[in-house]
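Geometric and topological summary
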Amino acid sequence: MILQRLKIENYKRLHDVEIVFPSIGIIGVAGQNGAGKSTLFEAILWALFPPRSIGVDQRDVTPRRGDGSETKVELTVETADATYTVVRSLRFTKGGAARPDARLYKGEETEPLVSGTDAVSEFVRTTILRMSPVSFTTTFFTKQKELAFFGAMGDTERRKEMQRLLDLDAIEHAQAELRTSRKQRRDLLDAKEGLYAERVGVRDFDADMGDARARESAATIQLAALEQALAELQAQHETAADTRDTLRAIQADYARLDGERRAAELRRDAAHAAVASAEGRLAVLAEREQRAAEIAPEIALLSDYERQLRDADATRAHAERVREQAQTAGAATQTHRRLIADADALVHDLDPLRDLLFGWEEIADAAPGEARARVLAGLLTGAAPLALERAKDRETVLAIQKLAEQAAQLAADATARENGTAQIEARLALASAGGDPAPLVEELEKRERYLGTEIAAQDAALKALRVERKTFTTLYEQWKSADHDTPCPTCGRPFSEDDAPGMLETIKAAVLGCDARGREMAAAIEAIRTESRQVSGELNEARERFKTTQQLVAHRNASAQEATRMHARAAEIQTALDQALAAAGYRRPPKPEVLREIEHELDLLQRAANTATQANRLAQSLIATAHAVAEAQTTLAALGTATYDEAAHRSLRATYTQVVALRGEAEAISRELAARPAELERRDRATGDAATYDAAIGTLAAERDALAFNPEALVQIAAEVSAIEAQYNEANAALTEARIALVRAENIVAAIEREQHELALLRAEAETARAEVNRYDRMDKGFTDFSQDLASRIQPRLSEYASDLVERMTNGRYVRFSFDENYAPALYDDDLQKFPLEKFSGGERDVAALAARIALSQLLAARGGHTIGFMVLDEVFGSLDGERRTLVLDALATMRDLIPQLFIISHVDDVRNSPVMDEVWTVATNPNGTSDVLRRGASDLLLTA
């Protein structure tokens, strides 16, 4: 897989970066710590895989969360099958929610082949890369700290790390889960067998079952005997109960007759009591009749007392009227005097109107009271028209002052607008100093379109050159691996042993020619793009100047029109002002003192007009109170003198009240005497009832004695019934206990049978658990054998790849690189002498580890069905001295056939400046915290924001 193009928007520090990768070359990546060198390549991983699978927290990806900005990475790669473009984006809403998205395009298609984050990640993993994120990361990105595991780790730790990188740790995880399940099953087996042994113990189930069966049989026999005894007791109880019920019926009749006799006796006694009560009531009525005769003379004087009382009430009413009329006359006199004082006070309060109202001296000449109030009311009535006149004067002055202010303000605004128009004219002259920008804009737009066409043509030519180089590379591989006497891959004829070297040199020269032409094309494209950027800048400036000129012309015209309108409006206002002054008789607008004087007089006149009604009411009130005083005095004289005796009035009323009470008593006695005939009738009726009840009592006593009831016989038979019931209850209780014993015996039998069944199930479960433990043992051994067999297959392949690399990197000093079963490395020289890696210095170990790492990458890529197309080495030269760095860089330069695209991130100067570098990219930090990617070298294919 080859990287073609990368576009980054707002990924961490990289806000706007676009890269078109060279198809082959070694590129150094430099920059200060934290500038974003590793971030540049991390963005490639982020585009291909879900962030969680590569250890990236998506919350740290977008630099400005919640402001609506979007993080987007577009990556275009070329595989043996097709060209694919992956687009992954992330946006955070203002509420903090993340909205990820991903799309994948094939070739030049505009519709996505796959959409959705999970679907795109799965397509990349299974179709494009055919390896997991861990494996791809190992192939793609090697850091200094990731070289140490070959030499510094222990055997177990190194083996686990290799299994993780080779995607073999799933076997170990599965084996660990299998062993956990096996332990759980073994624990279950032990528990089941222990429980079975505990429950069985030394118990004899046959003996327990025989004893339970015997108890069940005995309970059944006892239950039958008790049921027979209960039947016999039931028959005896029924015979005795019949006799008892007969005696109880006789007892009921006896009690009924005796009760009726006692009720008749009670009614007889009540009749005798009613006779006595009637006779007592008749005696009381005789006494009441005598009392009525005694009080009759006093009651006859009641009408005389009523007449005397009416005369006393009239005398008291006359005295009350004389008193009330005297109070009314006094109050009317006081009110009249208060109103006279109010009139004088009102005249004093309105004295400031003396100079405004004609005839004010008449008030002083008028008599106090009604006359003065009428004069004041007449003068105040004339204040309202004067107030209206002064109000009109005030409105006229206010209108004149407002017109004067508007005229002055419009004149000032018109002058300011004219000054603003002059300023716009000056800016327009400055903007137009270089001539009309419109033709320049048109010319620069044509040049920009032409340069865009040229860039597209050069890009197409460069893509064609890449296809040509790929063709030559394929031919080179075919010639390199072809046997003698086989058809030539190009012409079909058999070629000799001497043909291959020449053909290989020719094809290699063609590849190098393609590379040289590619660099020339890159330089040409860079020149065109530089010119395009310059033209774009000039075009933007010309467009801005053209836009500014148009805006200034529009502003100037609008300002001039506004100044003209203001002058016209000012002239209209001035004409209106002159007309208002002439109408009011002013030569110039009145001063503020004039307005204040008018408003003062208007306030006094309005006050006088508002008080006129009050003065009229006061005059009317004085007339009314004078009339009221005269009427009250006349009425009081007509009433004369009061002669009322209050003590004699109270004594007469008390005597009258007593006589009224005696009359009521006499009326009550008369009503009581009306009940005498009824009392006589009630006495006679009660006498007859007593005789009737005496006869009934004798008859009921004879019927009761005829029953011949014997209470002792009833007691005896009731005792016999109770004894039988007690025997029955005892037998019934024994029957219940027998039934309980039978149920218990049956439960014991069922419990023994159930326990035997449960023990059989427990034994079966234990056997099943034992079978599963044995199966888990076999599976665990199978996993172990598989891991060992897989390691025996991987180690030779890894050693083969690493041996070729270490020979290049050590200039032939070491020719073989081997790994044991724990992947511990060792080196061999020409004499095949073995040197363990821990015997070497730090720099030598890093060289060997780098070779092992690249070999591991080749092995992973081969497993996925790909050849490795690119690799990133991040600060892997820090521990190497200058000689070893040069040696490793030269070795890497010879590996273009294995790794066409090699990116080396390093802060070491001689690495960045090495002649093996085809390009050097610098990640530079801007003042605003963002980073740009700048390039130095022969290749164009990088655009920086």
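Residues numbered from 1 in each chain as written. Predicted model: local features only at pLDDT ≥ 70, side-chain atom pairs only at ≥ 80, totals over all residues. Heavy atoms only, no water.

**Some details on the pattern of salt bridges**
The final tally for this structure, using the stated rule, is 46 salt bridges. Lys-7 serves as the salt-bridge partner of Glu-9, at 3.9 Å between the closest nitrogen and oxygen. According to the relative accessible area criterion, Glu-9 is partly exposed, its value standing at 23%. Taking the relative accessible area as the measure of exposure, Lys-7 reaches 23% and is therefore partly exposed. Across the pair Glu-294 and Arg-291 runs a salt bridge whose closest N-O atoms are separated by 3.8 Å. With Glu-294 and Arg-291 both in helix H7 (residues 205–300) and 3 residues apart, the pair spans about one turn of that helix. Look at Arg-291 and you get partly exposed, because its relative accessible area is 30%. Each of Arg-5, Glu-18, Lys-72 and Glu-74 takes part in one network of salt bridges that share partners. (Salt bridge = Lys/Arg side-chain N within 4 Å of Asp/Glu carboxyl O. Buried < 20%, exposed > 50% of the residue type's maximum accessible area, 1.4 Å probe, protein only. Helix = DSSP H or I, 4+ residues; strand = E, 2+ residues; numbered from the N terminus.)

**What to know about the nonpolar core**
Within soluble globular proteins, side chains that are nonpolar generally end up buried alongside one another. In terms of nonpolar packing, the biggest core is built from 51 residues, with Phe-41 and Phe-136 touching the most fellow members. Apart from the residues lying within four places of it in its own chain, the contact partners of Phe-136 are Met-1, Leu-45, Leu-48, Phe-49, Leu-129, Met-131 and Phe-870. Counting residues in each nonpolar core, the second largest holds 44 residues, with Leu-798, Leu-827, Met-871 and Met-917 among its members. (Core = buried A, V, L, I, M, F, W, Y, C linked by side-chain atoms within 4.5 Å. Contact = heavy atoms within 4.5 Å.)

**Overview of the packing of helix H8 (residues 302–349) against helix H14 (residues 592–639)**
Where H8 contacts H14, the axes come no closer than 8 Å and their chain directions differ by 155°. Viewed along their axes, H8 and H14 adopt a mutual orientation that is roughly antiparallel. Once H8 is placed against H14, the crossing between them reads as left-handed. For the contact of H8 with H14, a count of residues per class yields 17 nonpolar, 12 polar and 5 charged. (Axes fitted to C-alpha atoms, helices over the stretch in contact; angles between N-to-C directions. Parallel < 35°, antiparallel > 145°, perpendicular 65-115°, else oblique. Left-handed = near helix turned anticlockwise from the far one by under 90°. Nonpolar A, V, L, I, M, F, W, Y, C, P; charged D, E, K, R; others polar.)

**Quick look at the pairing of strand S4 (residues 70–78)**
Most of S4 sits out of view: 7 of its 9 residues are buried. One ladder, built from 7 bridges, connects strand S1 (residues 2–11) with S4; its direction is antiparallel. Each residue of the ladder has a partner; that of Leu-6, found in S4, is Leu-75. Pairing between S4 and strand S5 (residues 83–92): 9 bridges, direction antiparallel. Paired with Val-73 across the two strands is Arg-88, which belongs to S5. (Pairing = 2+ DSSP bridges.)

**What about the confidence of the model for the chain?**
With 90% of its residues at a pLDDT of 70 or more, the chain shows a mean pLDDT of 80. Strand S16 (residues 942–944) is the least confidently modelled element of the chain, averaging 38 in pLDDT, while strand S7 (residues 114–115) averages 93, the highest of any element. Overall, residues 488–493 carries pLDDT values under 50, and its contacts beyond four positions in sequence, including any with other chains, amount to 12 contacts. Confidence over residues 938–945 falls short of pLDDT 50; this stretch has 33 contacts with residues more than four positions distant or in other chains. (pLDDT = per-residue confidence, 0-100.)

**Notes on the environment of Arg-663**
Residue position: Arg-663 is located in helix H15 (residues 646–673). Spatially, the C-alpha atom of Arg-663 lies 5.9 Å from that of Ile-299, the residues being 364 residues apart in sequence. When neighbours within four sequence positions are excluded, Arg-663 is seen to be in contact with Ile-299 and Leu-302.

**Thoughts on the side chain of Thr-549**
Checked against the element boundaries, Thr-549 lands in helix H13 (residues 499–584). On the basis of relative accessible area, Thr-549 is assigned to the buried category, the value being 13%. Polar contacts involving the side chain of Thr-549 include one to the main-chain carbonyl oxygen of Arg-545, which spans 2.9 Å. Beyond its immediate chain neighbours, meaning those up to four positions away, Thr-549 contacts Leu-428, Ala-431, Ser-432 and Pro-437. (Polar contact = N/O pair within 3.5 Å; in protein donor to acceptor, adjacent residues only side chain to side chain.)

**With respect to the sheet that holds strand S11 (residues 834–836)**
Spatial ordering of the open sheet is given by S9-S10-S11, a layout of 3 strands whose pairing is antiparallel. Strand pairing shows two members of the sheet lacking a second neighbour, strand S9 (814–819) and S11, which therefore form its edges. Across the sheet, the mean angle from the axis of one strand to that of its neighbour is 30°, orientation sign disregarded. Taken together, the 3 bridges between strand S10 (residues 825–829) and S11 define a ladder with antiparallel strand orientation. Note that in S11 the partner of Tyr-828 across the bridge is Lys-834.

**Considerations on the packing of aromatic side chains**
Going through the model one piece at a time under the given rule, you end up with 7 aromatic pairs. Taken together, a centroid distance of 5.7 Å and an interplanar angle of 80° make the contact between Phe-21 and Phe-903 edge-to-face. Residue Phe-21 is found in the loop between strand S2 (14–20) and strand S3 (25–30), and its partner Phe-903 is found in strand S13 (residues 901–905); the two are separated by 882 residues along the sequence. Judged on exposure class, the residue Phe-21 and its partner Phe-903 are both buried. Here the aromatic rings of Phe-817 and Phe-819 are separated by 5.1 Å at their centres, their planes lie at 10°, and the arrangement is stacked. Residue Phe-819 is classed as buried on the basis of its relative accessible area of 8%. Here the aromatic residues Phe-21, Phe-41, Phe-903 and Trp-921 are joined through ring pairs into a cluster of three or more. (Phe/Tyr/Trp six-rings, centres within 6.5 Å; stacked < 30°, edge-to-face > 60°.)

**So, empty space enclosed by the protein**
For the coordinates displayed, the defined rule picks out 2 cavities of 30 Å³ or more. Space inside the second largest cavity adds up to approximately 30 Å³. Lining the second largest cavity, in full, are Asp-349, Leu-350, Pro-352, Leu-353, Leu-604 and Arg-607. Within the lining of the second largest cavity, the residues separate by chemical class into 4 nonpolar, no polar and 2 charged. (1 Å grid on protein atoms, 1.4 Å probe; cavity = no way out; pocket = protein on both sides within 12 Å on 5 of 7 lines; lining within 4 Å. Points joined across faces, edges and corners; volume = space filled by probe spheres on them.)

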